[in-house]
Amino acid sequence: MRRLLVVVLFALWSLPVQAFGCGGFFCNSATPVNQAAERILFARDGDQIEMHVQITYSGPAIDFGWILPTAADVETEVSTNSLFTRLDQRFSPQFRLIDQYEPGCEFPQEPDPFDQDGAMGGAAGGGGPPPPSVNVLSREVVGPFDRVILQADNVEVLFDWLQTNEFQIPAMAAAALEPYIETSVFVAIKLLPGNDSSDIRPLRLRFTAPTPSIPLRPTQVAADPDMGIIVYLLGAGRGIAENYRHVTVNEAAIRWERGGDNYADVVSQAVDEAGGQAFVTDFAGGHGDRTEDLFTLRLDLDDLRAVRTLAGLVEFASELRSPDLQDLVRAVITPPEGVTVDEVLQCPFCYEADAVAVDGAALAARIEDELLPIWDELTALFEAHPVLTRLFSTMSPGEMTADPAFDFNSDLAYIDNVRQAVRYVTCGEDGFPDFTN
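Residues numbered from 1 in each chain as written. Predicted model: local features only at pLDDT ≥ 70, side-chain atom pairs only at ≥ 80, totals over all residues. Heavy atoms only, no water.

### Some points on the overall build of the protein
Applicable threshold: A run of DSSP states H or I qualifies as a helix once it reaches four residues; a run of E qualifies as a strand once it reaches two. Both are numbered from the N-terminal end. Relative accessibility under 20% of the residue-type maximum defines a buried residue, over 50% an exposed one, and the middle range a partly exposed one, all with a 1.4 Å probe and only protein chains included. Each accessible area is a Shrake-Rupley result for a 1.4 Å probe, and residues are judged covered by the shown protein chains and nothing else.
Counting its regular elements, the protein contains ten helices and 20 strands. In the protein, which comprises 437 residues, the share counted as buried stands at 53%. Taken as a whole, the protein presents about 19,600 Å² of accessible surface, with 49% of it coming from carbon and sulfur.

Shown next as structure tokens:
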């Protein structure tokens with residue numbers, strides 16, 4: 001039997017699709033610690049909620065499916081992978097260990113090996129009640145997706161429609177979606193023919209709701225133990241979880257000397273001690289000085305239009321590390337026969353200059369038409385909401401019994417994402433610093 005995979009909300013994830021090594025064309029050393037965590041961004045505009053949700057999946061395109069219960073007036077567009085990559089790089093917790101040496105010891109400088117961004121998305125009629133039905137409110141192409149918005153009388157007819165129309169949502173998700181039938185519509189997506197898992201984009205949704213909320217209960221279907229959840233909240237004040245606890249971590253348990261590489265585990269312990277439903281605040285404060293160039297194109301499109309070979313493209317390598325740009329680059333490269341695009345990007349200097357064709361004009365056109373409008377909208381969104389909050393939690397399936405809702409409190413203090421600790425270093429018997437004590 002063919003294996004079916006599903007992403008219910010954002011529950012089923014895997015390793016990033018583009019896992020190039022650091023010897024490759026798109027190496028990026030600023031890698032967040034918690035790659036497995038799922039990421040959502042919320043912004044509230046009056047009675048409207050804007051939601052960007054990251055969808056991570058690798059596997060056969062035919063097995064991909066995703067469904068989300070939401071408000072009836074929902075509108076959908078594709079978002080950008082760069083959103084969460086760049087937010088992680090600038091607002092993930094950073095753990096900096098400062099050494100204070102005993103007088104007389106050598107090596108008086110204070111090494112800071114982690115000084116870089118990243119460290120760490122009706123009434124019945126006379127003939128009796130009508131049979132259960134599905135109402136297709138909208139079905140259209142959204143980026144690489146066949147996107148449908150459905151309203152259903154019960155989960156049985158909902159899943160009959162999804163299966164008939166080849167949306168790969170397994171029957172085991174039905175019970176988890178049952179509580180949303182009367183109050184929600186359902187956004188479901190699958191990949192269009194000709195697309196694969198590398199073409200998956202985050203989804204932007206806009207709908208009417210009193211507060212931002214994550215329909216987390218369906219996530220039980222496919223969640224792993226201690227699944228990471230990162231929530232970014234844009235508003236006029238610090239974001240909070242209304243119905244979940246706020247916890248702080250035991251900083252003594254952090255491995256400071258290794259840049260806090262066990263931070264997710266320490267958060268898990270704090271959340272578990274609070275009953276399994278809690279968030280820590282990684283950052284809260286004004287973001288303007290960190291996001292004014294968040295969505296800035298750092299290359300000249302006229303120069304890019306003239307590129308015809310891989311050698312010419314390599315000159316733009318540092319500017320093309322954005323995940324969105326990487327996706328577009330892959331589509332304009334024609335590799336030699338028997339070679340994949342990934343193999344070319346892993347070792348661009350392994351091929352003759354004219355052996356790999358590149359359509360720079362097509363790449364520039366796609367950047368202008370597909371990417372820059374999204375970046376412009378996100379820039380306006382951040383400018384309209386001066387305060388950013390990053391919340392983090394880990395949850396196991398048995399803890400996903402309540403949908404976390406969020407609000408804003410301007411009276412709460414801001415929290416920096418840069419944490420510092422002082423290590424007092426004494427001299428050993430040889431007169432040199434002893435880091436083992």
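### Remarks on the side chain of Thr76
Convention followed: By the criterion applied in these results, polar contacts are pairs of N or O atoms within 3.5 Å in which, for protein atoms, one can donate a hydrogen and the other can accept it, and in which residues neighboring in sequence qualify only through two side-chain atoms. Contacts are assigned to residue pairs with any non-hydrogen atoms lying within 4.5 Å of each other.
Here Thr76 shows up in strand β5 (residues 75–78). For Thr76, a relative accessible area of 9% gives the class buried. Only 2.7 Å separates the side chain of Thr76 from the side chain of Arg147, close enough to count as a polar contact. Discounting residues that sit within four places of it in the chain, Thr76 has contacts with Val142, Arg147, Val187, Arg204 and Leu205.

### Overview of the confidence of the model for the protein
Here is the rule we go by: Known as pLDDT, the predictor's confidence for each residue is given on a scale from 0 to 100.
Confidence in the prediction of the protein, expressed as mean pLDDT, is 82, and 83% of residues score 70 or more. In the model, residues 1–35 has pLDDT below 50 throughout and makes 115 contacts with residues more than four positions away in sequence or in other chains. Note on residues 107–128: pLDDT is under 50 here. Beyond four places in sequence and across chains, it has 52 contacts.

### As for helix α10 (residues 360–384)
Three or four residues apart is the spacing at which side chains of an α-helix point the same way, because the helix has 3.6 residues per turn. How we decide: Multiplying 1.5 Å by the residue count of a helix minus one yields the expected span of that helix.
The first and last C-alpha atoms of α10 sit 34 Å apart over 25 residues, in line with the 36 Å expected at 1.5 Å per residue. The set of residues buried in α10 consists of Gly360, Leu363, Ala364, Ile367, Leu371, Ile374, Trp375, Leu378, Leu381 and Phe382.

### Here's the deal with the packing of helix α1 (residues 81–91) against helix α8 (residues 323–330)
Keep this limit in mind: Axis definition: a line fitted to C-alpha atoms, limited for helices to the stretch in contact. Angles are taken between N-to-C directions and run from 0 to 180 degrees. Roughly parallel means an angle under 35 degrees; roughly antiparallel, over 145; roughly perpendicular, 65 to 115; everything else is oblique.
Packing of α1 against α8 brings their axes to within 7 Å, and their N-to-C directions diverge by 140°. In terms of orientation, α1 and α8 fall into the oblique class. Packed against α1, whose contacting residues are Asn81, Ser82 and Thr85, the element α8 presents Pro323, Asp324 and Asp327 at the interface.

### Here's the deal with the state of the cysteines
As a reminder of what qualifies: Here, a disulfide means two cysteine sulfur atoms that sit within 2.5 Å of each other.
Following the criterion strictly, the structure yields one disulfide and no others. A disulfide bridge connects Cys347 with Cys350, and the sulfur atoms are separated by 1.6 Å. Taking the torsion about the S-S bond as the criterion, the Cys347 to Cys350 disulfide, at about 60°, is right-handed. Judged by its relative accessible area of 26%, Cys347 falls in the partly exposed class.

### Overview of the packing of aromatic side chains
Selection rule: Each Phe, Tyr or Trp ring, with Trp reduced to its six-membered ring, pairs with another whose centre is within 6.5 Å; inter-plane angles below 30 degrees give stacked pairs, above 60 give edge-to-face pairs, and intermediate values give tilted ones. Definition used: whenever NZ (Lys) or CZ (Arg) falls within 6 Å of the ring centre and also within 35 degrees of the ring normal, the charge is taken to sit over that ring.
Tallied over the full model, the rule gives eleven aromatic pairs. Taken together, the aromatic side chains of Phe42, Tyr244, Phe279 and Phe406 make up a single cluster linked through ring pairs. The ring centre of Trp375 lies 4.8 Å from the NZ or CZ of Arg86, which sits over that ring. Positioned above the aromatic ring of Phe167 is the side chain of Lys190, whose terminal nitrogen or guanidinium carbon lies 4.7 Å from the ring centre.

### Some remarks on unusual backbone geometry
Excluding glycine, a negative phi dihedral is what most residues carry, and trans is how most peptide bonds are arranged. Located in the positive-phi region is Glu166, a residue other than glycine, with phi close to 65°. Looking at where Glu166 falls in the secondary structure, it is placed in the loop between α2 (155–164) and α3 (174–177). Since its relative accessible area comes to 55%, Glu166 is described here as exposed. With a phi angle near 55°, Asp226 is a residue other than glycine that sits in the positive phi range. On the basis of relative accessibility, which here comes to 37%, the residue Asp226 falls in the partly exposed class.

### Some remarks on the pattern of salt bridges
Two side chains with opposite charge may pair up if their charged atoms get near one another. Keep this limit in mind: Counted as salt bridges are all cases of a side-chain nitrogen of Lys or Arg within 4 Å of a carboxyl oxygen of Asp or Glu.
Taken as a whole and judged by the stated rule, the model has 21 salt bridges. A salt bridge links Glu368 to Arg305; the shortest N-O distance between them is 3.0 Å. Here Glu368, found in helix α10, pairs with Arg305, found in helix α6 (residues 301–305); they are 63 residues apart in sequence, far enough to count as distant. By relative accessible area, which is 35% here, Glu368 ends up partly exposed. For Arg305, a relative accessible area of 26% corresponds to the partly exposed category. Salt bridges sharing common partners tie together Asp45, Glu50, Glu77, Arg204 and Arg206.

### Concerning the sheet that holds strand β11 (residues 227–235)
We apply this condition: Paired strands, as defined in this entry, are two strands with at least two bridges between them according to DSSP.
With mixed pairing, the eight strands of this open sheet are ordered in space as β5-β10-β3-β2-β11-β17-β14-β13. Two strands close off the open sheet at either side, each with one partner strand: β5 and β13 (245–246). Sheet topology note: the strand β2 (residues 38–45)/strand β3 (residues 48–53) ladder contains six bridges and is antiparallel. Across the sheet, residue Arg44 finds its bridge partner in β3, namely Ile49. Together, β2, β3, β11, β14 (278–286) and β17 (387–395) form the strand contacts of α1, whose direction differs from that of β2 by roughly 95°.

### Thoughts on the nonpolar core
Threshold: As used here, the term nonpolar core means buried Ala, Val, Leu, Ile, Met, Phe, Trp, Tyr and Cys residues forming a set that is joined through side-chain atoms within 4.5 Å.
Ranked by size, the top nonpolar core spans 100 residues in total, and within it Leu304 and Leu313 carry the most contacts. Residues Val148, Leu162, Ala174 and Tyr180 belong to the second largest nonpolar core, which totals 19 residues.

### Examining the packing of α1 against α10
For the record, the criterion: The handedness criterion is simple: a crossing whose near helix is rotated anticlockwise from the far helix by less than a right angle is left-handed, and one whose near helix is rotated clockwise is right-handed. In this classification, the charged set is Asp, Glu, Lys and Arg, the nonpolar set is Ala, Val, Leu, Ile, Met, Phe, Trp, Tyr, Cys and Pro, and all remaining amino acids, among them Gly, are polar.
For the pair α1 and α10, the least separation of the axes is 11 Å and the interaxial angle reads 45°. When the axis of α1 is compared with that of α10, the two are oblique. The two elements α1 and α10 cross, and the hand of that crossing is right-handed. Contacts between α1 and α10 involve Ser82, Leu83, Arg86 and Leu87 on the former and, on the latter, Trp375, Leu378 and Phe382. Across the contact of α1 with α10, the residue classes break down as five nonpolar, one polar and one charged.

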